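What follows is the residue order along each chain.
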Amino acid sequence: MPKTIGTQAWKLFDAALCKTAAVTFNTIQFFNKHNPNPSFTPKWSEKPLLKSWEKTKPTLGWPRTTDSLCPGCVREAREEIFAGRKDWRDLMHEKVGEIKAQIIERNGEGWMVKECPTHGRYEDLMAVDSRFLSWIEKNFPGRDIPAHNDEDLHKHGSSTVRYGRGAVLTVDLTNRCNMMCDPCFMDANQVGYVHELSWDEITEILDNAIRIKPRRQMSVQFSGGEPTMHPNFVDAVSYARKVGYNSVQAATNGIEFAKSKEFCRKAFEAGMRYAYLQFDGIGNDANSHRQVGNLFDVKLRAIENMHEAGIEIVLVVTIINNVNNDQVGTIVKFAMENPKKIAFVSFQPVSFTGRDEDITPERRLRQRYTLSHLARDVGKQVGKVEPTRDWFPISFVSTFAGFSDLVHGPDSQWGALSCGCHPNCGVGTALMINKETKEWAPVPRFLDAPQLVKDVTAITDTARGKNFSNFMMALALLKNYKPFQAPKGLTLRDLFKKFDKTWALTKGSEKKYGRTSPDRSYEDAMKRRQTDPWNFLFIAGMWFQDLFNYDFRRTEMCIIPYATQQGEISFCAYNTGVGWRKIIENMYKNATVAQWYRTHGKHEIYAKGKSVNLGSYEHSLVIDAEDAARVRAREHDIPMTAAEEDRIRRKQAFEEQARVRAIYEEMVLKKPQPTVVTIGSLDQLKAAKPGNGAPVTISNADGTNGNGNGNGHAKDNGNGNGASAKSEKPEAAQTVASD
């Protein structure tokens, strides 16, 4: 009881302080808004920082018209390029496959509708709740500084990245992988050739990346395939750190990290800060579609090993509607139960690329999962989180990046990481969780995020000095804080520490919380964990495009470009769109798979139920036993994957071929067709009398050429699922009707 009274008293004090701060902020800002200082041009840009009124926005709302692609035309154009009948450079100058699309509201949902004069009409779901999409677009703060000094790296026609610098620079080290996933962005192990960067190509790509302006901090993400299979993986991590990037991460299935603590240690010491860990759900059943015998154990061991080495964990989940969307809440709860080890969950609604581009319209609409689905599922499966209060576009944080750029001044060599993507690309929310008690609340419940962004924007626009701006920021935080809606144990001091730790706003912040710069150490990583009792769990949804919902307004604002031998290309333009991935990989492929195997030997692939040999299965993660034991019901009468659809198509083609052949033989070759005589059911046969009085027998299969249905394997030359047992004495003959 005394503790409760004390907490209540502190909350009352906080509430009074917040009201006082609100009055103070509004009074000062009434005068401060006049005569703002001009924006300065920092060393990391050749253009000045943007005021809020200078930021541009794409056309939003609906109905609206945008530029899209015809799936049929694009596939035909790709075939022409790969056959050598069309020059791939035409993609830089022509609008190959482009058509107009309408984004409309229909029955409370958002839809993209487009029509090609050759291939007809396409429709695709954009949002299951149009109100959610309206909320997200309403909170978009505007585009970043236009990209410049980039002419030789951003040169891809309609697919060119035009705004900002991005947040993640993806570098595919290799297309080799030690798994066989469906779906897969890049069709790893499926394309018949090996595309693997040489060391010189890796260093050239990273050297080129820092030339583009604005030169913002990005998280360099090594991807693949499986990036850890590249012989220079650790060296590549080290080089990215050397050229100045604070954050280096690997998009990984975790197998190599699960197998070796030493590998984890070497990766961290080289500069790896985050593991972007593929994670499909809790338990073996949720991971069974990957066809690795012990994949869930691999994930748990990888998390344990990497966290121990100092690497932070981001769980990355591909979500398919009616397949694994029941795992959304389960995965978020898993992260909430392990707040000392997991601080980020990234959901990626499925993009129908690669093998899935030939998807049937029926399966596409059944499995389409949007960002609005994600917000709804988190709310229903986790609780407390409201779609139109707690979710915002990922670009929402660019407002705080702008404030950070202001207070770090014109002499800073790097701009802050800024997620300036289109509001239809990504959304996010955050939960504040106590690492010990695990009490939690959605951050927007106790912090008025929309008003805070307005206040921060006003502070940044006036462009005063660092100390005054930091003072106004503190007042803005207090003004928008609602102490009685926050977790009971959260204090104002905790909130200020969290903000300072994230944006390094005060003097000596790195000393207090540990460095994040390229020269950080293991001790820095431990200090950042131990000095903060609260986990800021970020839940994001990143929705990558495919040919059915492609929007060039999103492409030109990409914040996750691929760095390649032909410059930096939008994530969606590379993996889908007109097909830049296959074009570049074919231009720079190392060898066919067969040639590679002859030279380098075969690498190990975990598929068809094969398990990973782990030295230990021990871990300290908290797992809900009921979630881990759950087995989902599956619909067996409909195709669920591209592979299943492909088998059905092949079967239908074979049957059609047989039908056409039969017609040809009958009509052209005049070959007589076999006469089919219906002789009734087995019961009717048993009851029938032979016409000539002689008994006709039906013998049971003896297993020699049997078709039995036992539980074992078919005997000798049998072709069934098992053989019926041989009978030492023949059973009584059964009479049947004669011809």
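Residues numbered from 1 in each chain as written. Predicted model: local features only at pLDDT ≥ 70, side-chain atom pairs only at ≥ 80, totals over all residues. Heavy atoms only, no water.

Student: Which residues make up the overall build of the protein chain, and what values do they have?
Tutor: Within the protein chain, the regular secondary structure consists of 27 helices and 18 strands. For the protein chain, buried positions account for 53% of its 739 residues. Restricting to contacts in the protein chain with at least 6 residues of sequence separation, those with at least 24 account for 77%. As displayed, the protein chain offers around 33,900 Å² of accessible surface, 53% of which is attributable to carbon and sulfur atoms. (Helix = DSSP H or I, 4+ residues; strand = E, 2+ residues; numbered from the N terminus. Buried < 20%, exposed > 50% of the residue type's maximum accessible area, 1.4 Å probe, protein only. Contact = heavy atoms within 4.5 Å. Areas by Shrake-Rupley, 256 points an atom, 1.4 Å probe, with all protein chains shown as cover.)

Student: Could you give an account of the packing of aromatic side chains, naming the residues involved and the relevant values?
Tutor: Overall, the coordinates contain 19 aromatic pairs when judged by the stated rule. Its guanidinium or amino end placed over the ring of F548, R364 lies 4.3 Å from that ring's centre, counting from NZ or CZ. Between the NZ or CZ atom of K610 and the centre of the ring of Y606, over which it lies, the distance is 5.4 Å. (Phe/Tyr/Trp six-rings, centres within 6.5 Å; stacked < 30°, edge-to-face > 60°. Lys NZ or Arg CZ within 6 Å of the ring centre and 35° of its normal.)

Student: Outline helix α9 (residues 295-309), supporting the account with residue identities and numerical values.
Tutor: The end-to-end C-alpha distance of α9 is 21 Å, a good match for the 21 Å that 15 residues give at a rise of 1.5 Å each. Across the 15 residues that make up α9, a large majority, 13, are buried. Once α9 finishes, G310 follows within two positions and takes phi at roughly 110°, a positive value. (Expected span 1.5 Å × (residues − 1).)

Student: Account for empty space enclosed by the protein, with residues named and values stated.
Tutor: This structure, assessed with the given rule, holds six cavities of 30 Å³ or more. There is about 110 Å³ of room inside the largest cavity. If you trace the largest cavity, you find 14 residues lining it, with C425, M542, F544, C558 and C572 closest to the centre. Of all the elements in the fold, those that place two or more residues in the lining of the largest cavity are α21 (552-555) and α22 (571-575). (1 Å grid on protein atoms, 1.4 Å probe; cavity = no way out; pocket = protein on both sides within 12 Å on 5 of 7 lines; lining within 4 Å. Points joined across faces, edges and corners; volume = space filled by probe spheres on them.)

Student: Summarise the pattern of salt bridges; cite the residues concerned and give the values.
Tutor: Under the criterion given, the structure shown has 49 salt bridges. We note a salt bridge from D152 to R211, for which the minimum N-O separation is 3.1 Å. In this pair, D152 sits in the loop between α3 (130-138) and β5 (168-172) while R211 sits in the loop between α4 (199-209) and β7 (219-223), placing the two residues 59 residues apart along the sequence. Its relative accessible area of 38% is what places D152 among the partly exposed residues. E262 is the partner of R265 in a salt bridge, and the nearest nitrogen-oxygen pair spans 2.2 Å. Of this pair, R265 and E262 are both found in helix α7 (residues 261-270), three residues apart, which corresponds to roughly one turn of the helix. (Salt bridge = Lys/Arg side-chain N within 4 Å of Asp/Glu carboxyl O.)

Student: Tell me about the packing of helix α17 (residues 466-479) against helix α18 (residues 492-503), residues and numbers included.
Tutor: Two elements in contact, α17 and α18, have axes separated by 11 Å at closest approach and are oriented at 130°. What the angle tells us is that α17 and α18 run oblique. In the packing of α17 onto α18, the handedness of the crossing is right-handed. Across the interface between the two elements, M473, A474, L477 and L478 from α17 touch L492, F496 and F499 from α18. Partitioned by chemical class, the residues of the contact of α17 with α18 number seven nonpolar, no polar and no charged. (Axes fitted to C-alpha atoms, helices over the stretch in contact; angles between N-to-C directions. Parallel < 35°, antiparallel > 145°, perpendicular 65-115°, else oblique. Left-handed = near helix turned anticlockwise from the far one by under 90°. Nonpolar A, V, L, I, M, F, W, Y, C, P; charged D, E, K, R; others polar.)

Student: Residue-level account of the sheet that holds strand β3 (residues 109-116), with values.
Tutor: Reading across the sheet, the four strands line up as β1-β2-β3-β4 and stay open at both edges, with antiparallel pairing between neighbours. Only two strands of the sheet have a single partner each, and these edge strands are β1 (64-69) and β4 (120-127). Ignoring strand direction, the axes of neighbouring strands in this sheet form an average angle of 30°. Bridge count for strand β2 (residues 98-106) against β3 is six bridges, and the pairing is antiparallel. Bridge pairing in β3 links I104 to W111. (Pairing = 2+ DSSP bridges.)

Student: Break down the pairing of strand β13 (residues 426-434) for me, with residues and values.
Tutor: Along β13, nine of the nine residues are buried, which leaves the element largely enclosed by surrounding structure. Here β13 shows no split at all, with G426, G428, A430, M432 and N434 on one side and V427, T429, L431 and I433 on the other all buried. One ladder, built from two bridges, connects strand β12 (residues 392-393) with β13; its direction is antiparallel. Residue pairing across strands places F392 opposite G428, the latter belonging to β13.

Student: Any details on the environment of G120? Residues and values, ideally.
Tutor: Tracing the backbone through its elements, the reader meets G120 in strand β4. C-alpha separation for the pair G120 and C70, spaced 50 residues apart in sequence, amounts to 9.0 Å. In this structure G120 touches K114 and E115, once residues within four positions along its chain are discounted.

Student: Describe in detail helix α20 (residues 522-530), supporting the description with residues and values.
Tutor: For α20, the complete set of buried residues consists of D524, A525, M526, R528 and R529. Looking at the buried positions of α20, the neighbouring elements they touch are α7, β9 (272-278), α9, β10 (312-319), α18 and α19 (509-513).

Student: Can you tell me about the side chain of D67, naming the residues and giving the values?
Tutor: Among the secondary structure elements, D67 is positioned in strand β1. Residue classification places D67 among the buried residues on the basis of a relative accessible area of 18%. Polar contacts involving the side chain of D67 include one to the side chain of K100, which spans 2.6 Å. Separated by 2.9 Å, the side chains of D67 and R553 make a polar contact. (Polar contact = N/O pair within 3.5 Å; in protein donor to acceptor, adjacent residues only side chain to side chain.)

Student: Residues and numbers for the packing of helix α16 (residues 449-462) against α17, please.
Tutor: One can describe the packing of α16 onto α17 by two numbers: an axis separation of 10 Å at closest approach and a directional angle of 165°. In terms of orientation, α16 and α17 fall into the roughly antiparallel class. Of the two possible hands of crossing, α16 and α17 adopt the one that is right-handed. On α17, the residues touching Q451, L452, D455, V456 and I459 of α16 are S469, M472, M473, A476, L477 and K479.

Student: Talk me through the state of the cysteines; I want residue IDs and the actual numbers.
Tutor: For the structure shown, the criterion picks out zero disulfides. With no disulfide of its own, C421 lies closest to C425 among cysteine sulfurs, the gap being 5.2 Å. Looking at C425, the relative accessible area reads 10%, which means it is buried. (Disulfide = S-S within 2.5 Å.)

Student: Please set out unusual backbone geometry residue by residue, giving values where relevant.
Tutor: Residue P63 follows W62 across a cis peptide bond; omega there is -5°. Counting through the fold element by element, P63 comes out in the loop between α1 (2-32) and β1. For the peptide bond that leads from K213 to P214, omega is -5°, which places it in the cis range. Here P214 is to be found in the loop between α4 and β7. In this model, N35 sits at a positive phi of 50°, which is unusual for a non-glycine residue.

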